[in-house]
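# Fold and contact review
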Amino acid sequence: MPSPMDVNSLGKSDGEDIAWCVIETLASANDSAAAVASVVHLLRDIYGFEEENGSNVIANPLFLANGHEGASRKTRKYLTGRSLKTLGGGAVGVAGGLASSVTLVDVGGIAQHGSALATTTGHLIGVRAAGAHFKRSRTITSWIDAIITAKASKMAVRGAGLAGASIPVPGVGLGTNIGTAIAKLGIKLTLGKLIARTAMEVHWRSFQELTLGRSLGGKSSGACGPASAMFYEVFTKRSFTRIFGKYDTERLIREPGGWIALNDKLMLM
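The rules behind the values
- Residues numbered from 1 in each chain as written.
- Predicted model: local features only at pLDDT ≥ 70, side-chain atom pairs only at ≥ 80, totals over all residues.
- Heavy atoms only, no water.
- Helix = DSSP H or I, 4+ residues; strand = E, 2+ residues; numbered from the N terminus.
- Polar contact = N/O pair within 3.5 Å; in protein donor to acceptor, adjacent residues only side chain to side chain.
- Salt bridge = Lys/Arg side-chain N within 4 Å of Asp/Glu carboxyl O.
- Buried < 20%, exposed > 50% of the residue type's maximum accessible area, 1.4 Å probe, protein only.
- Core = buried A, V, L, I, M, F, W, Y, C linked by side-chain atoms within 4.5 Å.
- Contact = heavy atoms within 4.5 Å.
- Expected span 1.5 Å × (residues − 1).
- Phe/Tyr/Trp six-rings, centres within 6.5 Å; stacked < 30°, edge-to-face > 60°.

What follows concerns the side chain of Thr25. Turning to its location among the elements, Thr25 is positioned in helix α1 (residues 15–28). A distance of 2.8 Å separates the side chain of Thr25 from the backbone oxygen of Cys21, its partner in a polar contact.

Printed below as a string of structure tokens:
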């Protein structure tokens, strides 16, 4: 049974476990440049994939496990334009959030926080609604539901004493199989890790939806399912920033490193 730091025993087909291990490795080392380099080398050793020009953008393990490789130029461009903590020579902005934590409490008592809660989760509720319009959206919307529940709970239990506390997986509505996976790997689920893993999942499912949808003669642009609808919603500009142009959302979805940009956006919501 591999521990979070003993990922070399995993093989190419273990994309799900490797995804959790990547997140745990980054969080446990506080997203240090050394941790990023370690993860990049790990993915290179397992999948033989190396980002062009030696970039340290971390590819989504779910992409690599299924044979989808390539450059992540749009992701790097996005990160360059963001005021993020940078890692590995300025290429990665996973940053700041993977070690964030939360304790789950009675969400029913959160109403007293009213507008503060609405501000914190309003954008996420919009993202969830975008995906829920599609059939068979339950699996992917459950990831966003978990983030909303965890963020709401954090609002209700303010205090510095919560640092390092973990999220009980059943409490935020994630499936038993997910709880089993992180228990096997010895991972303590925190808000930042939940958001990062959600970003990986939404990113991978968005890629599948677009690839299948376009190949079957569906829409030539835009979302083709619940995950891609969420991804497009996250990257839709509605404020004054629209004057600076649109994001190339489809390119971010198709790049192996696109989950990092999505993780950044979800952390800010």
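The next subject is the pattern of salt bridges. With the rule as written, the count across this model stands at nine salt bridges. Salt-bridge contacts for Glu16 lead to Arg197; the nearest nitrogen and oxygen are separated by 2.4 Å. Taken as a pair, Glu16 in helix α1 and Arg197 in helix α8 (residues 191–215) lie far apart in primary sequence, 181 residues in all. Judged by its relative accessible area of 41%, Glu16 is partly exposed. Salt-bridge contacts for Glu201 lead to Arg197; the nearest nitrogen and oxygen are separated by 3.1 Å. Of this pair, Glu201 and Arg197 are both found in helix α8, four residues apart, which corresponds to roughly one turn of the helix. By relative accessible area, which is 1% here, Arg197 ends up buried.

Counting 69 residues, the largest nonpolar core has Ile58, Leu174 and Leu194 as its most contacted members. With 10 residues, α8 is the largest single contributor of residues to this core. Here Leu174 is in contact with Ser142, Trp143, Ala146, Val169, Leu189 and Leu194, once residues within four sequence places are set aside.

Next up on the list: α8. End to end, α8 covers 36 Å across 25 residues, agreeing with the expected 36 Å (1.5 Å per residue, within 8%). Looking one or two residues past α8, Gly217 carries a phi angle of roughly 80 degrees, positive in sign.

Here we take up the packing of aromatic side chains. Summed over the entire model, instances satisfying the criterion amount to seven aromatic pairs. Between the aromatic rings of Phe63 and Trp204, the centroid separation amounts to 5.4 Å while the plane-to-plane angle is 65 degrees, which identifies the pairing as edge-to-face. In this pair, Phe63 sits in helix α3 (residues 61–65) while Trp204 sits in helix α8, placing the two residues 141 residues apart along the sequence. We classify Phe63 as buried; its relative accessible area is 0%. The buried category is assigned to Trp204, whose relative accessible area is 10%. Taking 6.0 Å as the distance between ring centres and 75 degrees as the angle between the ring planes, the aromatic pair formed by Tyr78 and Phe235 counts as edge-to-face.

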